[in-house]
Amino acid sequence: MPPVITYSPAVTLVPTYECFNACTYCNFRVNPGQDTWLTLDQARQRLTTLRRLSPQVTEILLLSGEVHPHSPRRADWVAHLQQLAQLAWDWGFWPHTNCGPLSELEMGQLGAVNASMGLMLEQLRPDLAVHRHAPSKDPSLRLAQLEQAGSLGIPFTTGLLLGIGESPADWEPTLTAIAQAHHRWGHIQEVILQPYRRGAAQRSHLPDFPLPQLPSVVRLARRILPAEITLQIPPNLVQYPQILLDCLAAGAGDLGGIGPKDEVNPDYPYPQVAQLTALLAVQGYTLQPRLPIYPKWLHFKGISPQFCPDPVPKDKNLV
Ligand SMILES: O=c1nc2n(C[C@H](O)[C@H](O)[C@H](O)CO)c3cc(O)ccc3cc-2c(=O)[nH]1
Ligand SMILES: C[C@H]1O[C@@H](n2cnc3c(N)ncnc32)[C@H](O)[C@@H]1O
Ligand code: MET
Ligand code: SF4
């Protein structure tokens, strides 16, 4: 059987674009108070339509801007995220929430209603200009979030954002920190290697991450992270077929959520699944859908793995 590469058929819902942080690379945020939140009725309407017209979709990605931890609206925001995740289950989808750092209580509340959750570590360096006005991007705060998710037993996605002012020497300590959190708790399902690419709505003047370097970052990550952690590469940001194939040959095993729109990088449309299937087939790979919770982690949620038989050979990452 040829090596299997996975992806998650996903649709993103944005509870709110408002965010108290101002990462200069962000294409997404609006100022606090300047966005109307996605209502439960609107979400219900989207989910009903999806159920009817897009039966292949399994994941609802809840990707949110952040309300300040001391804001009087914080509790409403968390409660709203909880209701949206519950609604996704009710309509037969698997929710995955990525909404920035959370208190232990908040993460416990959201963890209970999500299949899995995520937070990009991005980079361990505390002095990046892009984060000067983004308190949520404090690396020690984010590292503590990985620990907290582990202690709460939440299957977790994290990753690196590459090319945001760090130097290549910074990648190894960042990957090592993720590996250490995983050694303590065993909860990291996947690590995203996300190259920074210029977008129309951002303030940053950073140059694009040099994509030809990406396969060597994959190799480094594969060397540092345990084999049970899958490496994810977003195919819409790596639109050169040879570089994408080189990333897979270097040990990447997943293409992440694929759907109608990448809310984080709206200038980079996703390729069609059929197109990716054909490209991968040339090198003998099979592209297969997966759920936002990987079979190996289903027991974290008290779900029997028989409910979702493992379609992925154990040696998937040992390419
Ligand atoms: O469409 C996107 N999905 C993103 N996802 C979704 C991801 O591809 C899937 O939701 C997970 O693989 C779970 O199936 C993220 C999830 C995280 O937990 C952390 C960061 C990201 C980043 C993106 C992103 O930039 N674009
Ligand atoms: C959802 C995750 O996407 C990442 N993120 C935010 N903006 C961008 C961008 N322009 N390019 C790539 N990744 C980005 C952040 O790390 C966030 O945590
Ligand atoms: C567009 S980013 C959405 C998730 C969160 N605000 C973060 O940056 O981690
Ligand atoms: S990347 Fe996330 S935290 Fe940063 S400004 Fe955008 S929405 Fe806010």
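Along each chain, residues carry numbers from 1 onward, in the same order as the chain's sequence is written. All chains are assigned letters beginning with A, and all ligands numbers beginning with 1, in the order in which they are written. Local features in this predicted model are restricted to residues whose pLDDT is 70 or higher, and side-chain atom pairs enter the listing and the counts only when it is 80 or higher, whereas totals over whole chains, interfaces and linings include all residues. Water and hydrogen atoms were dropped before computing side-chain values, which therefore reflect all heavy atoms in the structure.

## Quick look at the site of ligand 4
- In the neighbourhood of ligand 4, the contacting residues comprise Cys19, Asn21, Cys23, Cys26, Phe28, Arg29, Glu66 and Lys137.
- Under the convention adopted here, Pro, Cys and the residues Ala, Val, Leu, Ile, Met, Phe, Trp and Tyr are nonpolar, Asp, Glu, Lys and Arg are charged, and Gly plus all remaining residues are polar. Along the lines of polarity and charge, the residues of the shell around ligand 4 split into four nonpolar, one polar and three charged. Any residue with a heavy atom lying within 4 Å of a molecule or strand is counted as near it.

## Some remarks on the UniProt feature "domain: Radical SAM core" (unreviewed entry) in the protein chain
- UniProt positions are given in the numbering used here, feature names are shortened, and annotations may be inferred rather than shown by experiment. According to UniProt, the "domain: Radical SAM core" (unreviewed entry) feature falls on residues 5-236.
- Across residues 5-236 one finds 34% helix and 17% strand; the C-alpha atoms that close the span lie 16 Å apart. In this text, helices come from DSSP runs of H or I with a minimum length of four residues, and strands from runs of E with a minimum of two, each type numbered from the N-terminal end.

## Things to note about the packing of helix 7 (residues 241-249) against helix 8 (residues 273-282)
- Under this scheme, a helix contributes an axis fitted over its contacting stretch, all axes are lines through C-alpha atoms, and angles between N-to-C directions fall in the 0 to 180 degree range. Contact geometry for helix 7 and helix 8: axes closest at 11 Å, N-to-C directions at 65°. The two elements helix 7 and helix 8 meet at a crossing, and its hand is right-handed. Contacts between helix 7 and helix 8 pair Pro241, Leu244, Leu245 and Leu248 from the former with Leu276, Leu279 and Leu280 from the latter.
- The residue inventory of the contact of helix 7 with helix 8, partitioned by class, reads seven nonpolar, no polar and no charged. We call a crossing left-handed when the near helix sits turned anticlockwise from the far one by less than a right angle, and right-handed when that turn is clockwise. The contact criterion used throughout is that any non-hydrogen atoms of two residues lie within 4.5 Å.

## What about the site of ligand 3?
- Looking at ligand 3, the residues that line it are Phe28, Leu63, Ser64, Glu66, Asn98, Gly100, Lys137 and Arg142.
- Two N or O atoms count as a polar contact when they lie within 3.5 Å, although within protein this holds only if one can serve as hydrogen donor and the other as acceptor, and sequence-adjacent residues are included solely when both atoms are side-chain atoms. The contact in question runs from a nitrogen atom of ligand 3 to an N or O atom on the backbone of serine 64, over 3.2 Å.
- Contact between ligand 3 and glutamate 66: a nitrogen atom at 2.8 Å from a side-chain N or O atom of the residue.
- Residues belonging to the shell around ligand 3 are distributed by class as follows: two nonpolar, three polar and three charged.

## Overview of the packing of aromatic side chains
- Whether two aromatic rings pair depends on their centres lying within 6.5 Å, for rings of Phe, Tyr and Trp, where Trp uses its six-membered ring; planes under 30 degrees apart make the pair stacked, over 60 edge-to-face, and the rest tilted. Scanning all chains against the criterion turns up four aromatic pairs.
- On the basis of an interplanar angle of 50° and a centroid distance of 4.9 Å, the ring pair of tyrosine 17 and phenylalanine 28 is categorised as tilted. Taken as a pair, tyrosine 17 in the loop between strand 1 (4-13) and helix 1 (40-53) and phenylalanine 28 in the loop between strand 1 and helix 1 lie far apart in primary sequence, 11 residues in all.
- Relative accessibility under 20% of the residue-type maximum defines a buried residue, over 50% an exposed one, and the middle range a partly exposed one, all with a 1.4 Å probe and only protein chains included. Residue classification places tyrosine 17 among the partly exposed positions, given a relative accessible area of 26%.
- Over the aromatic face of phenylalanine 93 sits the side chain of arginine 51, whose NZ or CZ is 4.1 Å from the ring centroid.
- A cation over a ring is seen here: lysine 296 above tryptophan 297, with NZ or CZ 4.7 Å from the ring centre. Charge-over-ring contacts are defined here by two conditions on Lys NZ or Arg CZ: a distance within 6 Å of the ring centre and an angle within 35 degrees of the ring normal.

## Brief notes about the side chain of glutamate 263
- Summarising the element assignment, glutamate 263 is placed in the loop between strand 8 (254-258) and helix 8.
- What makes glutamate 263 buried here is its relative accessible area of 12%.
- Among the polar contacts listed, one links the side chain of glutamate 263 to the side chain of tyrosine 17, at a separation of 2.8 Å.

## Looking at the nonpolar core
- Buried Ala, Val, Leu, Ile, Met, Phe, Trp, Tyr and Cys residues that are joined via side-chain atoms within 4.5 Å together make up what is termed a nonpolar core. If you look at the biggest cluster of nonpolar residues, it comprises 54 residues, and the most contacted ones within it are Leu193, Leu225, Ile233 and Leu255.
- Take this core: its biggest share by element is six residues, from helix 6 (residues 214-224).
- If sequence neighbours within four positions are ignored, leucine 225 has contacts with Leu175, Ile178, Ala179, Val191 and Leu231.

## Topic: the side chain of serine 116
- Among the structural elements, serine 116 can be located in strand 4 (residues 116-118).
- Not counting chain neighbours up to four residues away, the residues in contact with serine 116 comprise Pro95, His96, Thr97, Pro155, Gln189, Pro292 and Ile293.

## Quick notes on the pattern of salt bridges
- By definition here, a salt bridge exists when the distance from a side-chain nitrogen of Lys or Arg to a carboxyl oxygen of Asp or Glu is within 4 Å. Inspection of the entire model under this criterion finds 12 salt bridges.
- The closest approach of N and O atoms between arginine 73 and glutamate 18, which form a salt bridge, is 2.7 Å. Here arginine 73 is found in the loop between strand 2 (59-63) and helix 2 (74-90), whereas its partner glutamate 18 is found in the loop between strand 1 and helix 1, with 55 residues between them in sequence.
- On the basis of relative accessibility, which here comes to 31%, the residue arginine 73 falls in the partly exposed class.
- Taking relative accessible area as the criterion, glutamate 18 reaches 1% and is therefore assigned buried.
- The partner of lysine 261 in a salt bridge is glutamate 263, and the shortest N-O contact between them spans 3.6 Å.
- One continuous salt-bridge network, built from bridges that share partners, spans Arg125, Asp127 and Asp170.

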